[in-house]
Amino acid sequence: MFKLMNFVQPTSIDEAYSILMEKNNNTLIGGSAFLRMGKKRIGTAIELSKLNLRYIREDKDEFEIGAMTTFRDIEIHKELNSYFDGVIGKSLKGIIGIQFRNVVTIGATLFSRYGFSDLITSLLALNVDVNLYKGGRMKLCEFMEKPYEKDMLLSIYIKKDNRKVIYKDIRRSSSDYPILNLSVSKFNNEFKIVIGARPVNAIIAKKSSKFISENPINEENLNKMCQLIEDEVSFGSDMRASALYRREVCKTLLKRAVSEV
């Protein structure tokens, strides 16, 4: 359980950022679902519910989703899930339970870059930007590769390009954290392969994506793609699975996902 020394609810984004930067241990909190699972001492907890950051907006080009939007909001949003074969909603359904998904926010999840995140893995296969208070708007993949810097994630943007996407995962039980997850998308004959829960951060497998984009989909090339995955994606061991198990499971799930796309 985490401990708060002070708790504030700012009424403007500028005020929230100002408080955040006052001390090193001042921290933004969203639904606090994952914070409750560990031990942390927070100087001032900055709760963002008064900043109107819980929304899903749509225009002709993209969806904009506010940082305080919950996983459940996304999971049941009809218009958003009519795109990309409903992959975003599908990737969230295995996360613990509805009560939990009613609390977890996308801003906290993305900014924390949780290695086990199903949402990050599915979003990296799409054309997604993040909008930061200080850092401005940038590609999600660029944000994931940047060193940590104190900032506020305000929203994300998902381009409506109608790409084909598949998400797959494996779990010990239906509501457990994933042992491994992955997503594969195809847009203008170009594949994008994303491997997550390795158990560290999700990563775009660029060499494997390029290879399968440039070659016919057959058993020989699928096997070559998996060999490239072994070379460019590292897998680790933890209490849920060994690195070897993750690597072998990845090959099977990846072949299925590419073939289905």
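Procedures and definitions
Residues numbered from 1 in each chain as written. Predicted model: local features only at pLDDT ≥ 70, side-chain atom pairs only at ≥ 80, totals over all residues. Heavy atoms only, no water. Helix = DSSP H or I, 4+ residues; strand = E, 2+ residues; numbered from the N terminus. Rg over C-alpha atoms; globule rule 2.2 N^0.38 Å. Buried < 20%, exposed > 50% of the residue type's maximum accessible area, 1.4 Å probe, protein only. Contact = heavy atoms within 4.5 Å. Areas by Shrake-Rupley, 256 points an atom, 1.4 Å probe, with all protein chains shown as cover. Lys, Arg positive; Asp, Glu negative; His and termini not counted. Charge placed at Lys NZ, Arg CZ, Asp CG, Glu CD. Phe/Tyr/Trp six-rings, centres within 6.5 Å; stacked < 30°, edge-to-face > 60°. Core = buried A, V, L, I, M, F, W, Y, C linked by side-chain atoms within 4.5 Å. Arc of directions from axis to C-beta. Pairing = 2+ DSSP bridges. Axes fitted to C-alpha atoms, helices over the stretch in contact; angles between N-to-C directions.

Would you explain the overall build of the protein chain in this entry?
Counting secondary structure elements, the protein chain contains 10 helices and 12 strands. For 261 residues, the compact-globule estimate of 2.2 N^0.38 gives 18 Å, and the C-alpha radius of gyration of the protein chain, at 19 Å, lies within 12% of that figure. A principal-axis box enclosing the C-alpha atoms of the protein chain has dimensions of 60 × 45 × 30 Å. Within the protein chain, the fraction of its 261 residues that count as buried is 53%. For the protein chain, long-range pairs separated by at least 24 residues make up 61% of all intrachain contacts whose partners lie at least 6 apart in sequence. Surface summary for the protein chain: the accessible area is close to 12500 Å², and the carbon and sulfur share equals 49%. Counting 41 positive and 32 negative side-chain charges, the protein chain places the centres of these two groups 4 Å from one another.

Where do I start with the packing of aromatic side chains in this structure?
Here a ring pair, both rings aromatic, is described through the centre-centre distance and the interplanar angle of the planes. Under the counting rule described, the total for this entry stands at 7 aromatic pairs. For the ring pair Phe63 and Tyr83, a centre distance of 5.5 Å and an interplane angle of 80° mean the geometry is edge-to-face. With Phe63 in strand E5 (residues 62-66) and Tyr83 in the loop between helix H2 (71-75) and helix H3 (87-92), this residue pair connects regions lying 20 residues apart in the sequence. In this structure Phe63 comes out as buried when scored by relative accessible area, which is 0%. Their ring planes at 75° and their centres at 5.8 Å tell us that Phe111 and Tyr148 sit as a pair that is edge-to-face.

Any chance you could explain the nonpolar core here in plain terms?
Soluble globular proteins tend to pack their nonpolar side chains together in the buried interior. In terms of nonpolar packing, the biggest core is built from 38 residues, with Ile88, Leu123, Ile156 and Ile158 touching the most fellow members. Ranked by residues supplied to this core, first place goes to helix H6 (residues 118-124) with 4 residues. Core analysis: the second largest hydrophobic core is formed by 23 residues, Leu180, Val184, Met225 and Leu254 among them.

Would you explain helix H8 (residues 206-214) in this entry?
Turn by turn, an α-helix covers 3.6 residues, leaving residues three or four places apart pointing in a common direction. Buried within H8 we find Ser208, Ser209, Phe211 and Ile212. The buried residues of H8 all sit within an arc of 165° when viewed along its axis, so they share a single face. Of the exposed residues in H8, those oriented more than 90 degrees away from the buried face are Lys206, Lys207, Lys210 and Glu214. Here the buried face of H8 lies against strand E11 (190-196), helix H9 (219-232) and helix H10 (243-260).

Mind showing me how you'd approach the environment of Gly89 here?
For Gly89, the location among the structural elements is in helix H3. Gly89 sits 11 residues away from Lys78 along the chain, and the two C-alpha atoms are 9.6 Å apart. Among all residues touching Gly89, those that are not within four sequence positions of it are Glu75 and Asn81.

Would you take a moment to explain the sheet that holds E11 for this structure?
Picture the strands of a sheet paired through backbone hydrogen bonds; they go either parallel or antiparallel. The 4 strands are arranged E9-E10-E11-E12 in an open sheet whose pairing can be described as antiparallel. What marks the edges here is a single partner per strand, and that holds for strand E9 (164-171) and strand E12 (203-204). Here H10 sits on the sheet and contacts E9, strand E10 (178-187) and E11; the angle it forms with E10, its principal contact strand, is near 30°.

What am I meant to see in helix H1 (residues 13-22) here?
Every buried residue belonging to H1 is among Ala16, Tyr17, Ile19 and Leu20, and all of these are buried. All buried residues of H1 lie within an arc of 165° about the axis, which places them on one face of the element. With respect to the buried face of H1, the exposed residues turned more than 90 degrees away are Asp14 and Glu22.

Help me understand the pairing of E11, please; the structure alone is not making it clear to me.
On a regular strand, one side chain projects to one face of the sheet and the next to the other, so that they alternate. Summarising burial for E11: 5 of the 7 residues are buried, a large majority. Direction of pairing for E10 relative to E11: antiparallel, over a ladder of 7 bridges. Bridging across to E11, Val184 finds its partner in Ile193. In sequence, E10 turns back onto E11 through a hairpin of 2 residues, with Asn188 there showing a positive phi of about 50°. Sheet analysis places E11 next to E12, joined by 2 bridges and oriented antiparallel. By the bridge assignment for E12, Val194 is matched with Ile204. The turn joining E11 and E12, which pair antiparallel and follow one another in sequence, is formed by 6 residues; a positive phi near 55° is taken by Ala197.

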